[in-house]
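Residue-level listing of the chains:
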Amino acid sequence: MKDIRFTYSHALNTHELQQYKEETQSALRTLTEGTGAGNDFIGWLSLPKDIRSQVSAIQKTADRLRNQCDIIVCVGIGGSYLGAKAVIDALLPSFAWLEDRKPQIVYAGNNIGEDYLYELQGLLRGKNFGIICISKSGTTTEPALAFRLLKIQLEEQAGKETARERIVCITDAKKGALRTLATQEGYDTFVIEDNIGGRFSVLSPVGLLPIACAGLDINALLDGAERVMDVCTTADFADNPALLYAASRNHLYRQGKKIELLVNYHPKLHYVSEWWKQLYGESEGKENKGIFPASVDFTTDLHSMGQYVQEGERHLFETVISVAEPNHKLVVPSDEANLDGLNFLAGKRVDEVNKMAELGTRLAHMDGGVPNLLIELPKLNEYALGELIAFFEVGCGVSGYMLGINPFNQPGVEAYKKNMFALLHKPGYEEATAAIEKRIQKQN
């Protein structure tokens, strides 16, 4: 197997799938022709090709940071860090953080944890570190707060001139607080284009710069994405994995399967699931519609969630990501005493054991009434992850239009911010502050 492959036959039959052919193809045309809601945010469709002109500059900046820094802090939240972390965690050694590997990539601005930030500052004390700050506006609370703390620390430790060389901002082309600061301070910058939303930005400088800083091959990532993006935006229904995925999951949704459980049997794919959850949750969860995206890491979570999946309420389906060939070989040894009873596995590769656990679990869950969709990757490398990213992105856009919503906005995320700012007495929120305080008094 050379490329990504999608299988639906353990969730629905060909006749059921064919009923969605016209609807799915219509949704794809809406997406690619830019005639649907949110059509000013579809720049990601051509991103694997369009970004090529910037790859040299991205790589040059990454090489400079790699040479100057022991640690690089990627500051961002949501799509501003999840895509990069997904790729980096999937492809670097599992214990890279314990190795003498420079630079280490760490993350900030994705929470408001005082202990986390205090401990991060302690880690960075006395170290040569750099910062990649990713924010369209520069005023999103979590990354802005982290950047303020880290910028001051870097300037105090290394001096303003050195700090200027080690800070890179990825932000709006012309406006916003971060753009203003970057211009004033003379930081290197890359642009978040107006037609690309955060959760679709992994193949832009937002994701590519941190990924390149980790020493990974961003050209191979783009190669895989470009191939699948071409297939998924042009191929006929039967040969288009993203359309088959969109049709399958919408069929299951309309049959009452309201939860999609993304399953992997490779622990390095955990943050791929986290990226996927934001992509689909923020794109589809609107107007009281949408499949709820959840994820599990098997076989680990079979010992915590397996019982529910097997026999709980039948409102979910599974989409399994399977990696055909591991990157390393490890054979189960024989043991003379055989106290653990595992000699029947002696001589087998560990991956064979894992694959049989995967197949056995899928069969058990299907027997238990849980439909299974299957995504197969040939290997875990940059090219395959590029393919997976493009597959999920196109499938998401098509699925959103099949739901009849705008897949590219996120109006609901502003509600908590309004309350938070009011509770913190931010200027301009006085009316909301008074209303919230009245609510709290009434509850007490």
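Use the structure listed above.
Residues numbered from 1 in each chain as written. Predicted model: local features only at pLDDT ≥ 70, side-chain atom pairs only at ≥ 80, totals over all residues. Heavy atoms only, no water.

## Describing a nonpolar patch on the surface
- There is a patch of nonpolar side chains on the surface, built from Phe95, Trp97 and Leu98 and spanning about 420 Å² of accessible area.
- Inspection of the secondary structure assignment puts Leu98 in the loop between helix H5 (82-91) and strand S3 (104-108).
- Taking the relative accessible area as the measure of exposure, Leu98 reaches 59% and is therefore exposed. (Patch = residues over 30% accessible without salt bridge, like charges linked within 9 Å, V, L, I, M, F, W, Y side chains within 5 Å. Areas by Shrake-Rupley, 256 points an atom, 1.4 Å probe, with all protein chains shown as cover. Salt bridge = Lys/Arg side-chain N within 4 Å of Asp/Glu carboxyl O. Helix = DSSP H or I, 4+ residues; strand = E, 2+ residues; numbered from the N terminus. Buried < 20%, exposed > 50% of the residue type's maximum accessible area, 1.4 Å probe, protein only.)

## Topic: the sheet that holds strand S7 (residues 259-264)
- One open sheet holds the 5 strands; their spatial order is S1-S10-S9-S7-S8, and the pairing between them is mixed. One side of each edge strand has no neighbouring strand; the edge strands of this open sheet are strand S1 (5-7) and strand S8 (292-297). Within this sheet the neighbouring strands show an average axis-to-axis angle of 20°, counted without direction.
- Where helix H15 (residues 350-367) meets the sheet, its contacts fall on strand S9 (316-325) and strand S10 (372-379), and the angle it forms with S9 comes to roughly 160°. (Pairing = 2+ DSSP bridges. Axes fitted to C-alpha atoms, helices over the stretch in contact; angles between N-to-C directions. Contact = heavy atoms within 4.5 Å.)

## Points about the sheet that holds strand S6 (residues 188-191)
- Taken in spatial order, the 5 strands of this open sheet run S3-S2-S4-S5-S6, and their pairing is parallel. Pairing within the sheet leaves two strands with one partner each, and these edge strands are S3 and S6. Neighbour to neighbour, the strand axes of the sheet diverge by 20° on average, direction disregarded.
- Bridge count for strand S4 (residues 129-134) against strand S5 (residues 167-171) is 4 bridges, and the pairing is parallel. Pairing of Cys133 across the sheet is with Cys169, part of S5.
- Packed on one face of the sheet, helix H7 (residues 141-158) meets strand S2 (71-75), S3, S4 and S5 and runs near 155° to S4.
- Those strands touched by helix H10 (residues 205-213) are S2, S3, S4, S5 and S6, and its axis lies near 165° from that of S4.

## Some thoughts on the environment of Leu243
- You can see Leu243 is positioned in helix H12 (residues 241-254).
- For the pair Leu243 and Ala27, spaced 216 residues apart in sequence, the C-alpha separation works out to 9.2 Å.
- Not counting residues up to four positions away in its chain, the partners in contact with Leu243 are Thr24, Gln25, Leu28, Ala235, Phe237 and Val398.

## Regarding the packing of helix H2 (residues 21-33) against H12
- Running from N to C, H2 and H12 cross one another at 120°; their axes reach a closest spacing of 10 Å. Regarding the angle of H2 to H12, the classification is oblique. Note on packing geometry: the crossing formed by H2 with H12 is right-handed. Residues Glu23, Thr24, Gln25 and Leu28 of H2 pack against Leu243, Ala246, Ala247 and Arg254 of H12.
- In the contact of H2 with H12, the residues fall into 4 nonpolar, 2 polar and 2 charged. (Parallel < 35°, antiparallel > 145°, perpendicular 65-115°, else oblique. Left-handed = near helix turned anticlockwise from the far one by under 90°. Nonpolar A, V, L, I, M, F, W, Y, C, P; charged D, E, K, R; others polar.)

## Focus: the pattern of salt bridges
- As enumerated under the stated definition, the model contains 26 salt bridges in all.
- Between Glu287 and Lys289 there is a salt bridge, and its shortest N-O distance comes to 4.0 Å.
- Judged by relative accessible area, which is 57%, Glu287 ranks as exposed.
- Classification of Lys289 by relative accessible area gives partly exposed; the value is 32%.
- Between Asp351 and Lys355 there is a salt bridge; the shortest N-O distance is 2.8 Å.

## Details of the side chain of Arg249
- Relative to the helices and strands, Arg249 resides in helix H12.
- A distance of 3.3 Å separates the side chain of Arg249 from the side chain of Ser399, its partner in a polar contact. (Polar contact = N/O pair within 3.5 Å; in protein donor to acceptor, adjacent residues only side chain to side chain.)

## Focus on the pairing of S8
- Alignment of S7 against S8, held across 6 bridges, turns out to be parallel. Each bridged residue has a counterpart across the sheet, and for Ile259 the counterpart in S8 is Phe292.

## Structural notes on the state of the cysteines
- As enumerated under the stated definition, the model contains 0 disulfides in all.
- The thiol of Cys69 is unpaired, and the distance to the nearest cysteine sulfur, on Cys213, comes to 8.0 Å.
- No disulfide involves Cys396; its nearest neighbouring cysteine sulfur is the one of Cys232, lying 13 Å away.
- On the basis of relative accessible area, Cys396 is assigned to the buried category, the value being 0%. (Disulfide = S-S within 2.5 Å.)

## A few points about the nonpolar core
- If you look at the biggest cluster of nonpolar residues, it comprises 97 residues, and the most contacted ones within it are Leu31, Leu385, Leu388, Phe391 and Phe392.
- The element best represented in this core is helix H16 (residues 382-403), accounting for 12 residues.
- If sequence neighbours within four positions are ignored, Phe392 has contacts with Tyr245, Leu262, Trp275, Trp276, Leu279, Tyr280, Ile321 and Ile375.
- Judged by nonpolar contacts, the second largest core, of 21 residues, contains Ala146, Ala163, Cys169 and Tyr187. (Core = buried A, V, L, I, M, F, W, Y, C linked by side-chain atoms within 4.5 Å.)

## Some details on the pairing of S4
- Most of S4 is tucked away, with 6 of its 6 residues classed as buried.
- Alternating positions in S4 separate into two faces, Phe129, Ile131 and Cys133 on one and Gly130, Ile132 and Ile134 on the other, with burial throughout.
- The pairing of S2 with S4 spans 5 bridges and is classified as parallel. Pairing of Ile72 across the sheet is with Gly130, part of S4.

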